[in-house]
Amino acid sequence: MKTVTIKQLEIGVGAPKIIVPIVGKNEAELIDEALFLQKIDFDVLEWRVDHFTQVDNILAVKQVAKKITDLLPNKPLLFTFRTANEGGVKPWPLSSYIQLNKDMACSGLVDLIDVEAFIGDDYVEDIIDIAHNNQIFIVASNHDFEKTPPKSEIINRLKKMQDLGADIPKIAVMPQTTDDVLTLLAATTEMNEKYAIKPIVTMSMAGLGVISRIAGTTFGSAMTFGAAKNASAPGQLDVNQLRYILDALYLNHR
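Residues numbered from 1 in each chain as written. Predicted model: local features only at pLDDT ≥ 70, side-chain atom pairs only at ≥ 80, totals over all residues. Heavy atoms only, no water.

K.L.:
Which residues make up the UniProt feature "binding site: 3-dehydroquinate" (unreviewed entry) in the chain, and what values do they have?
P.N.:
As annotated in UniProt, the feature "binding site: 3-dehydroquinate" (unreviewed entry) corresponds to Glu 46, Trp 47, Arg 48, Arg 82, Arg 213, Ser 232 and Gln 236 in the numbering used here. Relative to the helices and strands, Trp 47 resides in strand 4 (residues 44-48). Setting aside anything within four residues of it in sequence, one finds Trp 47 in contact with Ile 22, Leu 30, Phe 52, Val 61, Val 64, Ala 65, Ile 68, Leu 77, Leu 78, Phe 79 and Thr 80. Here Arg 213 is to be found in helix 7 (residues 210-214). Residue classification places Arg 213 among the buried residues on the basis of a relative accessible area of 1%. (UniProt positions renumbered as here; feature names shortened; annotations may be inferred. Helix = DSSP H or I, 4+ residues; strand = E, 2+ residues; numbered from the N terminus. Contact = heavy atoms within 4.5 Å. Buried < 20%, exposed > 50% of the residue type's maximum accessible area, 1.4 Å probe, protein only.)

K.L.:
So what's going on with the UniProt feature "active site" (unreviewed entry) in the chain? Which residues, and what values?
P.N.:
Mapped onto the present numbering, the UniProt feature "active site" (unreviewed entry) falls on His 143 and Lys 170. These annotated residues cover 28 residues of sequence, and their C-alpha atoms lie no more than 8.6 Å from one another, placing them together at a single site. For His 143, the location among the structural elements is in strand 7 (residues 137-144). Not counting the four nearest positions on each side in its chain, His 143 is found in contact with Arg 82, Glu 86, Lys 170 and Ala 172. Those residues within four positions of Lys 170 in sequence are excluded, and the remaining contacts are Arg 82, Asp 114, Val 139, Ala 140, Ser 141, Asn 142, His 143, Leu 158, Met 161, Val 201, Met 203 and Phe 225.

K.L.:
Explain the pattern of salt bridges residue by residue, including any values.
P.N.:
In this structure the tally under the stated criterion is 13 salt bridges. A salt bridge links Asp 70 to Lys 66; its shortest N-O distance comes to 2.9 Å. Of this pair, Asp 70 and Lys 66 both sit in helix 2 (residues 58-71), four residues apart, which is roughly one turn of the helix. Its relative accessible area of 46% is what places Asp 70 among the partly exposed residues. The shortest N-O distance in the salt bridge between Lys 160 and Asp 121 comes to 2.6 Å. Taken together, the positions of Lys 160 in helix 5 (residues 151-164) and Asp 121 in helix 4 (residues 121-133) put the pair 39 residues apart, joining distant regions of the chain. With a relative accessible area of 33%, Asp 121 lands in the partly exposed category. A cluster of three or more residues bridged by salt bridges with shared partners is formed by Asp 41, Asp 43 and Arg 243. (Salt bridge = Lys/Arg side-chain N within 4 Å of Asp/Glu carboxyl O.)

See below:
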């Protein structure tokens, strides 16, 4: 009940699946990153399209998405425009953000789309409906780069994403103390054991929260992020180191 399968990758069972972001500013940089990743052991590719200087040209976005997919045809492609409000690099009007995600939801060129969960319920549900009609999965996300909310608030946000129809609810928070990391892990456990009907993804960011990136599955988080050439958020481990650690931790679960 709690798994999602995309391109034969079953998310929500076994070791956490590794997502690797690419953050190139132009087509040449993105192709270079994709070629580099052909030699890397990971599970899901995330295109952080807010780094792409031609993001306002939907034809260019689609062309690059096609080229990336052709280079890594067996890796699910997660399409993510991260807004400036949630840690992205480009301020952009909400209307443009919504239209971009709708266009990609209709394109058939990506496997998953990240939608920020609190841009407005109607907007989120509209994008989810379009994506699902085109057999594309939705990661609903929320990022707090300032603090770690109380456990109940973390759980409520994840439940809200699930209620909106997301296939994979995701939350990332910033710890100020080790207790904050424990709060995130406790919230993950409670959400996973009591409320989740889909895989969930949680993480505590920066150096203090690294343990959540490598041991999250023990508490109920189904995916984690590793960096290849470039990290997209604070605290991401090198993907090769991450795979080594996960193989050791989850020897019998991969």
